[in-house]
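# Coordinate inspection notes
What follows is the residue order along each chain.
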Amino acid sequence: MNGSAVKKPMSPQKIALRVLLYVVVIAVCVVTLYPYFAMLCTALKGRGEIFSAEGTVLPIKALWSNFIDIWSRAPMAKYLVNSILIAGGSTAIAMLCGIPAAYALARMRFKGQTAFLGFIIVSQMFAPVVLLIGIYKVMLSLGMTDSIWGLVFINAAFNQAFTIWLLRGTFMGISSEMEQAATIDGCNRLQSMLRVLLPVAAPGIVTTLIFIFINAWNEYTVALCLISTDVYKPLTVGINIFNGYNMIEWQYLFAASIFAIIPVVILFMGIEKNLVSGLAAGGVKG
């Protein structure tokens with residue numbers, strides 16, 4: 001008999017609890033993923049099969065050509081580029097403004113800091129749809145009602161509070177002694193932040209960045225209100241071209257929606273390892 005510990009068999013109660021846990025997880029996954037499965041199946045159907053009274057969820061004959069036809073029936077490439085520009089620009093602006101602000105709130109003490117943090121939290125309570133009329137008037141006065149840059153600035157503004165709050169928690173979870181050591185080695189505050197703090201905070205920064213990008217990518221209401229020219233529409237608004245006055249082309253609408261989901265899925269797969277650690281770091285109590 002070797003010196004390794006002998007693993008005791010699990011009790012019937014633990015086995016039953018584990019089986020129940022697996023059943024619950026599988027049920028939640030099925031309920032969550034079924035709408036996407038139904039959307040994919042509908043995207044592979046023909047128009048006659050979709051409106052057939054005897055239709056089923058699975059397509060009788062998969063029409064993969066629907067995913068090709070949408071590119072000729074609508075300027076999908078332009079919509080895709082617009083969404084990338086809006087989401088990417090919003091993310092860049094929010095991060096450029098949010099990182100210094102979060103650093104100041106995490107490392108500095110100043111009069112009115114508590115009130116400022118409270119204002120940041122309160123600003124998250126207002127959804128864009130509540131402020132839609134005011135947003136439209138402001139953008140109209142600036143001449144940015146039908147502009148990609150207008151959506152970039154609006155999405156950056158609405159994600160700014162989330163950026164500051166999450167990154168502040170991330171920075172507070174990192175010991176300030178490393179920055180003090182860098183200061184002793186001759187670095188100023190900016191250099192210590194860039195060379196020491198930001199590399200250590202990379203998981204939280206990446207998580208925040210991806211969440212901002214996804215929020216800007218999925219934004220619909222403000223873009224629908226501000227953008228009237230078809231060439232400036234993002235993907236979320238542009239796919240409404242398949243939603244006509246007299247007929248909805250469900251197969252093309254769902255096929256285009258799947259293309260809109262793919263970038264978000266890829267981003268989540270890319271941050272899967274950093275997601276939990278980044279959110280945990282951002283949840284540090286200040």
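Conventions adopted
- The residue count restarts for each chain, going from 1 along the sequence in the order it is written.
- For this predicted model, a pLDDT threshold of at least 70 governs which residues receive local features, and a threshold of 80 or more governs which side-chain atom pairs are given and counted, while totals over whole chains, interfaces and linings are taken from all residues.
- Side-chain metrics in this entry use all non-hydrogen atoms of the structure; hydrogen atoms and water are not considered.
- Think of a salt bridge as a Lys or Arg side-chain nitrogen and an Asp or Glu carboxyl oxygen that are within 4 Å of each other.
- Only runs of H or I of at least four residues qualify as helices and only runs of E of at least two qualify as strands under DSSP, and these elements are numbered from the N terminus.
- Under the scheme applied here, a residue whose accessible area is under 20% of the maximum for its type counts as buried, over 50% as exposed, and between as partly exposed, the area being computed with a 1.4 Å probe on protein chains only.
- Pairing of aromatic side chains requires ring centres within 6.5 Å, counting the rings of Phe and Tyr and the six-membered ring of Trp. Pairs whose planes differ by under 30 degrees are stacked, by over 60 edge-to-face, and all others tilted.
- Contact definition: two residues touch when any of their heavy atoms are within 4.5 Å.
- Here the nonpolar core consists of buried residues drawn from Ala, Val, Leu, Ile, Met, Phe, Trp, Tyr and Cys, with membership extended through side-chain atoms lying within 4.5 Å.
- Lines fitted to C-alpha atoms define the axes, with helix axes restricted to the stretch in contact, and inter-axis angles between N-to-C directions lie between 0 and 180 degrees.
- Between 65 and 115 degrees an angle is taken as roughly perpendicular, under 35 as roughly parallel, over 145 as roughly antiparallel, and anywhere else as oblique.
- Under the convention adopted here, Pro, Cys and the residues Ala, Val, Leu, Ile, Met, Phe, Trp and Tyr are nonpolar, Asp, Glu, Lys and Arg are charged, and Gly plus all remaining residues are polar.
- Polar contact is defined as a pair of N or O atoms within 3.5 Å, subject to the rule that within protein one atom must be able to donate a hydrogen and the other to accept it, and that residues adjacent in sequence are counted only when both atoms are side-chain atoms.
- What makes a crossing left-handed is the near helix being turned counterclockwise from the far one by less than a right angle; a clockwise turn instead makes it right-handed.
- The length a helix should cover is 1.5 Å for every residue beyond the first.
- Bend at a residue means the angle formed by two fitted axes: the first through the 7 residues ending at that position, the second through the 7 residues beginning there.
- For every residue, the predictor reports its confidence as pLDDT, a number between 0 and 100.

According to the stated counting rule, one finds two salt bridges in the structure shown. As a salt-bridge pair, Arg-73 and Glu-249 come within 2.4 Å of each other at their nearest N and O atoms. With a gap of 176 residues between them, Arg-73 in helix α3 (residues 66-73) and Glu-249 in the loop between α13 (235-238) and α14 (250-270) connect regions that are remote in the sequence. The class for Glu-249 is buried, based on a relative accessible area of 13%. Among the ionic pairs, Asp-230 bridges to Lys-233, the shortest N-O distance being 3.8 Å.

As a further point, take the packing of aromatic side chains. Under the criterion given, the structure shown has 10 aromatic pairs. Between the aromatic rings of Phe-162 and Phe-211, the centroid separation amounts to 6.1 Å while the plane-to-plane angle is 55°, which identifies the pairing as tilted. Separated by 49 residues along the polypeptide, Phe-162 in helix α8 (residues 160-172) and Phe-211 in helix α11 (residues 202-218) bring together distant segments of the chain. Its relative accessible area of 24% is what places Phe-162 among the partly exposed residues. Residue classification places Phe-211 among the partly exposed positions, given a relative accessible area of 22%. Through successive ring pairs, a cluster of aromatic residues spans Trp-64, Phe-67, Trp-71 and Phe-259.

Bringing the environment of Asn-218 into the picture now. Inspection of the secondary structure assignment puts Asn-218 in helix α11. The class of Asn-218 is partly exposed, set by a relative accessible area of 45%. Setting aside chain neighbours within four positions, we find Asn-218 in contact with Thr-236 and Val-264.

Here the focus is the nonpolar core. Ranked by internal contacts, the top residues of the largest apolar core, which has 24 residues, are Ile-70, Met-76, Leu-235 and Phe-242. Of all the elements in the fold, those that place two or more residues in this core are α1 (12-43), α3, α4 (76-107), α11 and α14. The dominant element in this core, judged by the number of residues it contributes, is α14, at seven residues. Apart from the residues within four sequence positions on either side, Phe-242 is in contact with Ile-70, Arg-73, Ala-74, Met-76, Met-247, Ile-248, Glu-249, Tyr-252, Leu-253 and Ala-256. Among the nonpolar cores identified, the runner-up in size contains 15 residues, and Ala-94, Phe-171, Ile-174 and Ile-212 belong to it.

What follows is about the packing of α3 against α14. Two elements in contact, α3 and α14, have axes whose closest approach is 9 Å; the angle formed by their N-to-C orientations is 95°. On the basis of the axis angle, α3 is roughly perpendicular to α14. Judged by residue contacts, Asn-66, Phe-67, Asp-69, Ile-70, Trp-71 and Arg-73 of α3 engage Gln-251, Tyr-252, Ala-255, Ala-256, Ile-258 and Phe-259 from α14. Of the residues in the contact of α3 with α14, the class split is eight nonpolar, two polar and two charged.

Let us now look at the side chain of Ser-90. Along the chain, Ser-90 falls in helix α4. Here Ile-86 takes part through its backbone oxygen, which lies 2.7 Å from a polar atom of the side chain of Ser-90. Ser-90 has contacts with Leu-151, Val-152, Asn-155, Ala-156, Ile-212 and Ala-216, leaving out every residue within four places of it along the chain.

With that settled, consider the environment of Ala-104. Turning to its location among the elements, Ala-104 is positioned in helix α4. When the C-alpha positions of Ala-104 and Val-130 are compared, they lie 30 Å apart, and in sequence the two are 26 residues distant. Filtering out sequence-adjacent residues up to four positions away, Ala-104 remains in contact with Phe-110 and Gln-113.

With their axes 9 Å apart at the nearest point, helix α5 (residues 113-123) and α8 run at an angle of 130° to one another. Our classification of the angle between α5 and α8 gives oblique. For the pair α5 and α8, the sense of crossing is left-handed. Contacts between α5 and α8 pair Leu-117, Ile-120, Ile-121 and Ser-123 from the former with Ala-161, Ile-164, Trp-165 and Arg-168 from the latter. Classifying every residue of the contact of α5 with α8 gives six nonpolar, one polar and one charged.

Turning next to α4. In a regular helix each residue adds 1.5 Å, so 32 residues correspond to 46 Å; α4 covers 46 Å between its end C-alpha atoms and thus fits that length. The largest bend in α4 is about 25°, located at Gly-98, with the proline Pro-100 one to four residues further on.

Turning our attention to the confidence of the model for the protein. On average, residues of the protein score 83 in pLDDT, and 91% of them reach the 70 mark or higher. Residue range residues 280-286 is modelled with pLDDT below 50. Its contacts to residues more than four positions away, or to other chains, number 12 contacts.

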